[in-house]
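Residue-level structural notes
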Amino acid sequence: MPMSLIGAHVSIRGGLPRAIERGASLSCEAIQIFTKNQLQWKSPHLKLEQSMEFYRKWRDSNIKEVVAHASYLINLASEGELRSKSILAAIDEVMRCRELGIKYLVLHPGSHGGAGVKDGLARVVDALQEVLLRTEDAKTKLLLETTAGEGFSLGGDLSHFEFLFSSLDEHPRLGLCLDTCHLFASGYELASRESYERLISTVDKYVGIGRVGCWHLNDSRYERGSKKDRHAHIGDGHIGIDAFAHIVTDERWRQTPCVLETPKDGRGDEGNLALLRKLRGY
């Protein structure tokens, strides 16, 4: 049984079932997808035949987990019309996941737009409360993703998640997605065994490692603390290849999706997946 479920973000071009085919052709154990065009607020409702074909192909593949990533348009820390649209879009994303049998939905905490971290986090709490309440029949977990801390974005500091989770009474449908490039860009070190263990201890202190539902594995084109979200191929950036070995061989992430969001050019997903498997040992 694999330590971690290694995979990649794959395209849904040509229809959702094609994503399963792409993941299977790469021998992925987990994949991440958008369930709709992520650059549009609204998308057509899923047709039953489409959902059934997606689920059938998934069932017949060796893919253990499918993780969905919410649209980048959503900003739960915003106000006014953008806030309303973001909440409705987040609800729609959860309902699409429910129809497709997807357990995890990755969501960025959002940008406070200059209002300040405190006000921004308070807005995220209110928005998440509404999303969770209006989707209470769904089992899909919302995995809030760590960010690089660029500009006004929230989630660059792990303490932000402690505030969000505690303010929402440790809601059972809230979890965390750890992104290696984002963590590194926001100032966390994870290359040496000591620094990696320190990072995991910090995660455990603030939210509990049981809340981690997914990892995004990306190297960083910029140095630690740069606040720049620029992904690189595994081993080609500033993080160092050891960090990825620590993650994929860690017993604590047994059955946890560890998906690539690395560039598609050059060695692409195939080369990066081969490297991760080598680091894991099989």
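Brief notes about helix α9 (residues 268-280)
Along an α-helix, residues three or four positions apart point the same way, because every turn accommodates 3.6 residues. For α9, built from 13 residues, the straight-helix expectation of 18 Å at 1.5 Å per residue is met to within 8% by its first-to-last C-alpha distance of 19 Å. Among the residues of α9, those classed as buried are Gly268, Asp269, Asn272, Leu273, Leu276 and Arg280. Seen end-on, α9 carries its buried residues on one side only, within an arc spanning 130°. In this structure, α9 carries Glu270 and Lys278 as exposed residues pointing more than 90 degrees from its buried face. In this fold, the buried residues of α9 make contact with β1 (4-9), β7 (212-217), α8 (241-248) and β10 (256-260). Where α9 terminates, the next one or two residues include Gly281, which has phi positive at roughly 105°.

Re the nonpolar core
Counting residues in each nonpolar core, the largest one holds 72 residues, and the members touching the most others are Ile33, Phe54, Val66, Ile102, Leu128, Trp215 and Leu217. In contact with Trp215, not counting residues within four places along its chain, are Leu178, Thr180, Leu183, Tyr196, Ile200, Ile247, Trp253, Thr256, Pro257, Cys258 and Val259. Membership of the second largest hydrophobic core comes to nine residues, among which are Leu5, Val67, Leu143 and Cys177.

Here we look at the packing of aromatic side chains
All told, the structure shown has four aromatic pairs when counted by the stated rule. Look at Tyr55 and Trp58: their rings are 6.0 Å apart centre to centre, the planes differ by 70°, and that puts the pair in the edge-to-face class. Note that Tyr55 and Trp58 are positioned in helix α2 (residues 48-59) at a spacing of three residues, about one turn of the helix. Given the relative accessible area of 45%, Tyr55 is considered partly exposed. For the pair Trp215 and Trp253, a centre-to-centre distance of 5.6 Å together with 70° between the ring planes defines the contact as edge-to-face. Placement of the pair is Trp215 in strand β7 and Trp253 in the loop between α8 and β10, with a sequence separation of 38 residues. Residue Trp215 shares its accessibility class with Trp253, and that shared class is buried.

As for the pairing of β7
The element β7 is extensively covered by neighbouring structure, given that six of its six residues are classed as buried. Across four bridges, strand β6 (residues 174-179) lies against β7 in parallel orientation. Within β7, the position partnered with Leu178 by the bridge is Trp215. Alignment of β7 against β10, held across three bridges, turns out to be parallel.

Some remarks on the environment of Ile200
Of note, Ile200 is situated in helix α7 (residues 193-206). When the C-alpha positions of Ile200 and Glu251 are compared, they lie 13 Å apart, and in sequence the two are 51 residues distant. In this view, Ile200 contacts Ile209, Trp215, Arg252 and Trp253; residues no more than four positions away in its chain are not counted.

What about the sheet that holds strand β2 (residues 30-33)?
Strand order in the closed barrel formed by eight strands is β1-β2-β3-β4-β5-β6-β7-β10, and the pairing between neighbours is parallel. Ignoring which end each strand starts from, the neighbouring axes of this sheet average 30° apart. Across the sheet, helix α1 (residues 16-25) is in contact with β2 and β3 (65-69); its angle to β2 comes to roughly 145°. Across the face of the sheet, α8 comes into contact with β1, β7 and β10 while running at roughly 150° to β7.

Description of the side chain of Gln38
Among the secondary structure elements, Gln38 is positioned in the loop between β2 and α2. For Gln38, the contacting residues outside a window of four places in its chain are Ser71, Tyr72 and Leu73.

About the cut-offs
- Residues numbered from 1 in each chain as written.
- Predicted model: local features only at pLDDT ≥ 70, side-chain atom pairs only at ≥ 80, totals over all residues.
- Heavy atoms only, no water.
- Helix = DSSP H or I, 4+ residues; strand = E, 2+ residues; numbered from the N terminus.
- Expected span 1.5 Å × (residues − 1).
- Buried < 20%, exposed > 50% of the residue type's maximum accessible area, 1.4 Å probe, protein only.
- Arc of directions from axis to C-beta.
- Contact = heavy atoms within 4.5 Å.
- Core = buried A, V, L, I, M, F, W, Y, C linked by side-chain atoms within 4.5 Å.
- Phe/Tyr/Trp six-rings, centres within 6.5 Å; stacked < 30°, edge-to-face > 60°.
- Pairing = 2+ DSSP bridges.
- Axes fitted to C-alpha atoms, helices over the stretch in contact; angles between N-to-C directions.

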